[in-house]
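Listed below, chain by chain, are the residues.
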Amino acid sequence: MEPVLQVDSLSKRFGSIVALDRISFTLEAGSILGLIGPNGSGKTTLLNTLNGLYRPDSGEIRYLGRPTRNLRPHQLALLGISRTFQTARVFHTLTVYQNMLIPLVHARLSRNEVQERARQLLTFVGLERSQALPASELSGGQQKLLEFARALMTEPRLVLMDEPFGGVHPEIKALLLERIREAQRERQVSFIIVSHEIPDLMSLARTVICMSYGRIIARGTPQEVSENPEVIAAYLGHPGGQGQRPATSLEQAGGHAS
Ligand code: ADP
Ligand code: MG
């Protein structure tokens, strides 16, 4: 099967900062890729470039074989690339249900179809009984569930998730992990998931890549990457990141947060 995403020598600068430095990787259809790296290493910039918020300075992105570097986020959303954010971006004054309708306002689908999809997905993430509440009344973790459900409204082939588990209650995190796996298994959705939590990535992703200063410094299984000396050095040696490192299962047992 054709890869869902082929990224070739992608670069992005902000003034003198090289946020992405010749990033290349391939994402096979129906697979989950984990993305780690110290703060400021370029993870969010990579997602922003892949979903059309930023235009790369050079390099190529192919989504299902089609070059996408000149497309905007709403165009990519209609082609099947969805996105969630480090801090959930939901509309606080709208209800949970109304938030679900937003990705499809311009889609040529019947009202019934959109409503049915929204109801199914809210049930999928356990928010069906909160659908009439303003989104502001949800906890931070529930907002992340809502954002995930909303990202599935367009029936995407690829979902980009920026730190979906950060600061999320363990019960909600367990549900989110399960639903991501289910979406991958049963709907053939591919994911790129930014997280510092190696144990979570172990349960999701066969492959992890680690970025540092805009470059990919390691790729392999979650275990291999978390044990890679260059990866550990990048986390320890990063300015402002003293003691910050990918959370291993041992640390997590001790309640370490990254
Ligand atoms: P991460 O998500 O890994 O923490 P980012 O992608 O947010 O890292 O940032 C990578 C680098 O690019 C950082 O040095 C950051 O300050 C810089 N950067 C990110 N976005 C912008 C922007 N819009 N304007 C200027 N610099 C930016
Ligand atoms: Mg980030």
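Above this text is the structure in question.
Residues numbered from 1 in each chain as written. Chains lettered and ligands numbered in written order. Predicted model: local features only at pLDDT ≥ 70, side-chain atom pairs only at ≥ 80, totals over all residues. Heavy atoms only, no water.

Asks: Would you take a moment to explain the packing of helix α5 (residues 140-151) against helix α6 (residues 170-187) for this structure?
Replies: Put simply, α5 and α6 touch, their axes get as near as 10 Å, and they point 10° apart. On the basis of their axis angle, the class for α5 and α6 is roughly parallel. Taken together, the residues of α6 that come into contact with α5 (itself represented by Gly141, Gln142, Leu145 and Phe148) are Ile172, Leu175, Leu176, Arg179, Ile180 and Ala183. The residue makeup of the contact of α5 with α6, split by class, is seven nonpolar, two polar and one charged. (Axes fitted to C-alpha atoms, helices over the stretch in contact; angles between N-to-C directions. Helix = DSSP H or I, 4+ residues; strand = E, 2+ residues; numbered from the N terminus. Parallel < 35°, antiparallel > 145°, perpendicular 65-115°, else oblique. Contact = heavy atoms within 4.5 Å. Nonpolar A, V, L, I, M, F, W, Y, C, P; charged D, E, K, R; others polar.)

Asks: Quick question: what am I supposed to make of the site of ligand 1 here?
Replies: In the vicinity of ligand 1, the contacting residues are Phe14, Ile17, Ala19, Pro38, Asn39, Gly40, Ser41, Gly42, Lys43, Thr44, Thr45 and Tyr54. Measuring from an oxygen atom of ligand 1, one finds a side-chain N or O atom of Thr44 at 2.8 Å. Looking at the shell around ligand 1, the elements with two or more residues in it are β2 (17-27) and α1 (43-50). Among the elements that take part in the shell around ligand 1, α1 stands out by supplying three residues, more than any other. A class-by-class count of the residues in the shell around ligand 1 yields five nonpolar, six polar and one charged. (Near = heavy atom within 4 Å. Polar contact = N/O pair within 3.5 Å; in protein donor to acceptor, adjacent residues only side chain to side chain.)

Asks: How should the coordination of the magnesium ion (ligand 2) be read in this particular structure?
Replies: Each pair of donors in an ideal four-coordinate tetrahedral metal site encloses 109.5 degrees, whereas pairs in an ideal six-coordinate octahedral site enclose 90 or 180 degrees. For the magnesium ion (ligand 2), the full set of protein donor atoms is Thr44 (OG1) and Gln86 (OE1), and the range of their distances to it is 2.0 to 2.6 Å. Here Thr44, found in helix α1, pairs with Gln86, found in the loop between β6 (81-84) and α3 (96-101); they are 42 residues apart in sequence, far enough to count as distant. Taking relative accessible area as the criterion, Thr44 reaches 28% and is therefore assigned partly exposed. Judged by relative accessible area, Gln86 falls into the partly exposed class, the value being 39%. (Donors = N, O, S within 2.8 Å, 3.2 Å for Na, K, Ca; no water. Buried < 20%, exposed > 50% of the residue type's maximum accessible area, 1.4 Å probe, protein only.)

Asks: Just checking my understanding: could you explain the nonpolar core for this structure?
Replies: Across soluble globular proteins, nonpolar side chains show a tendency to be buried alongside one another. Within the largest apolar cluster, 47 residues are counted, with the highest numbers of intra-cluster contacts made by Ile36, Leu146, Phe148, Ile180, Phe191 and Ile193. In this structure, Val4, Val7, Leu50 and Tyr63 belong to the second largest nonpolar core, which totals 25 residues. (Core = buried A, V, L, I, M, F, W, Y, C linked by side-chain atoms within 4.5 Å.)

Asks: Just to check I follow, could you spell out the side chain of Asp21 for this structure?
Replies: Tracing the backbone through its elements, the reader meets Asp21 in strand β2. Judged by relative accessible area, Asp21 falls into the buried class, the value being 19%. At 2.8 Å, the side chain of Asp21 forms a polar contact with the side chain of Arg22. Excluding residues that lie within four positions of it along the chain, Asp21 makes contacts with Leu10, Ser11, Gly214 and Arg215.

Asks: Any chance you could explain the packing of aromatic side chains here in plain terms?
Replies: For any pair of aromatic rings, the description rests on two quantities: the centre-to-centre distance and the angle between the ring planes. Taken as a whole and assessed by the stated rule, the structure comprises two aromatic pairs. For the pair Phe14 and Tyr54, a centre-to-centre distance of 5.4 Å together with 75° between the ring planes defines the contact as edge-to-face. Taken together, the residues Phe14 in strand β1 (residues 5-14) and Tyr54 in the loop between α1 and β4 (58-63) connect sequence positions 40 residues apart. Between Phe148 and Phe191, the aromatic rings sit 6.3 Å apart at their centres with planes inclined by 35°, giving tilted as the arrangement. One end of the pair, Phe148, is in helix α5; the other, Phe191, is in strand β8 (residues 190-194), with 43 residues separating them in the sequence. (Phe/Tyr/Trp six-rings, centres within 6.5 Å; stacked < 30°, edge-to-face > 60°.)

Asks: Is there a simple way to think about the pattern of salt bridges in this case?
Replies: Pairing between side chains becomes possible if they bear opposite charge and their charged atoms approach one another. Considering all chains together, one arrives at eight salt bridges under this definition. The residue Arg83 makes a salt bridge to Asp162 at a minimum N-O spacing of 3.7 Å. Placement of Arg83 in strand β6 and of Asp162 in strand β7 (residues 158-162) is noted, with a sequence separation of 79 residues between them. Given the relative accessible area of 9%, Arg83 is considered buried. Asp162 sits in the buried class, given a relative accessible area of 1%. (Salt bridge = Lys/Arg side-chain N within 4 Å of Asp/Glu carboxyl O.)

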